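These are the residues of each chain, in order.
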Amino acid sequence: DHRLFKAGASSEGGLTGYEGLQAALGVDYTFAALDLYLLAEYLFYGGGHLDWGSAGMDSLYLSPAWKLVPPAERIALFDPSMRPLPFARHDYLFLLGRFTPRQDLSFGACALAGIDDLSALCTLFVEHEVIQGLTAGLSFVVPLDMTTFVDSAEPGEWGSLSVGFHYLVRLTAKVRF
């Protein structure tokens, strides 16, 4: 992040060496005989506000009661000294598997996982090309974190309390012309 290095400091103070660094590494492979595509990507995001040892997300908000506030009203509790960032932590993993049994049909699953707090957005999807150039899709998204399994756990970045929903069903139509 050239702006961070030009300013010489992050929002937290001086640079420690990784704030402006973003790095990704991925691998993908297609099993042609099985019509199966697999992808795995790792992202290091140095600019995240939360350090590796922080268990919760309380430091992003002015009040620890942020968990009790509806998501639509929660933005008012966000600490204004924190600049808005796409990710709050540092280590992420994206996994995707897509099976294409026919040229006009594919389905699979993917997950965006926050490694630091063991949270993830998990998605199941199916796409069907109804006619040439028109593809209909259906996906089901579930946020998971440790609170899904243990009520007393701290909410994770991609958990339902943080993202504001328990599940999401999405119906899409893509038109190519």
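Shown above is the structure to which this text applies.
Residues numbered from 1 in each chain as written. Predicted model: local features only at pLDDT ≥ 70, side-chain atom pairs only at ≥ 80, totals over all residues. Heavy atoms only, no water.

Caption draft 1: Layout of the environment of F87. For F87, the location among the structural elements is in the loop between helix 2 (71–74) and strand 5 (91–102). As for F87 and L50, which are separated by 37 residues in sequence, their C-alpha atoms are 9.4 Å apart. In this structure F87 touches L43, Y45, G48, Y92, E157 and W158, once residues within four positions along its chain are discounted. (Helix = DSSP H or I, 4+ residues; strand = E, 2+ residues; numbered from the N terminus. Contact = heavy atoms within 4.5 Å.)

Caption draft 2: Representation of the sheet that holds strand 5. With respect to topology, seven strands assemble into an open sheet ordered 3-4-5-6-7-8-9, the strand pairing being antiparallel. Of all the strands in the sheet, the pair left with one neighbour each is strand 3 (22–31) and strand 9 (168–175). When the angles between neighbouring strand axes are averaged without regard to direction, this sheet yields 15°. (Pairing = 2+ DSSP bridges. Axes fitted to C-alpha atoms, helices over the stretch in contact; angles between N-to-C directions.)

Caption draft 3: Region of interest: the nonpolar core. L50, M57, L60, Y61, W66, M82 and A88 form the largest nonpolar core, which has seven residues in total. Excluding anything up to four places from it in sequence, M57 contacts L50, W66, R89, P155, G156, E157 and S162. Counting residues in each nonpolar core, the second largest holds six residues, with F87, L121, V141 and W158 among its members. (Core = buried A, V, L, I, M, F, W, Y, C linked by side-chain atoms within 4.5 Å. Buried < 20%, exposed > 50% of the residue type's maximum accessible area, 1.4 Å probe, protein only.)

Caption draft 4: Structural detail: the pattern of salt bridges. Taken as a whole and judged by the stated rule, the model has five salt bridges. With a shortest N-O distance of 3.1 Å, R102 and D104 are connected by a salt bridge. Exposure remark for D104: the relative accessible area of 25% places this residue in the partly exposed category. A salt bridge links R176 to E129, with the nearest nitrogen and oxygen atoms 3.1 Å apart. Here the residue R176 occupies a position in the segment after strand 9, and E129 occupies one in strand 7 (residues 119–131), the gap between them amounting to 47 residues. A network of salt bridges, in which partner residues are shared, links R98, E127 and K174. (Salt bridge = Lys/Arg side-chain N within 4 Å of Asp/Glu carboxyl O.)

Caption draft 5: The arrangement of unusual backbone geometry in detail. Backbone geometry places D35, a non-glycine residue, at a positive phi of 55°. Looking at the secondary structure, you find D35 in the loop between strand 3 and strand 4 (36–45).

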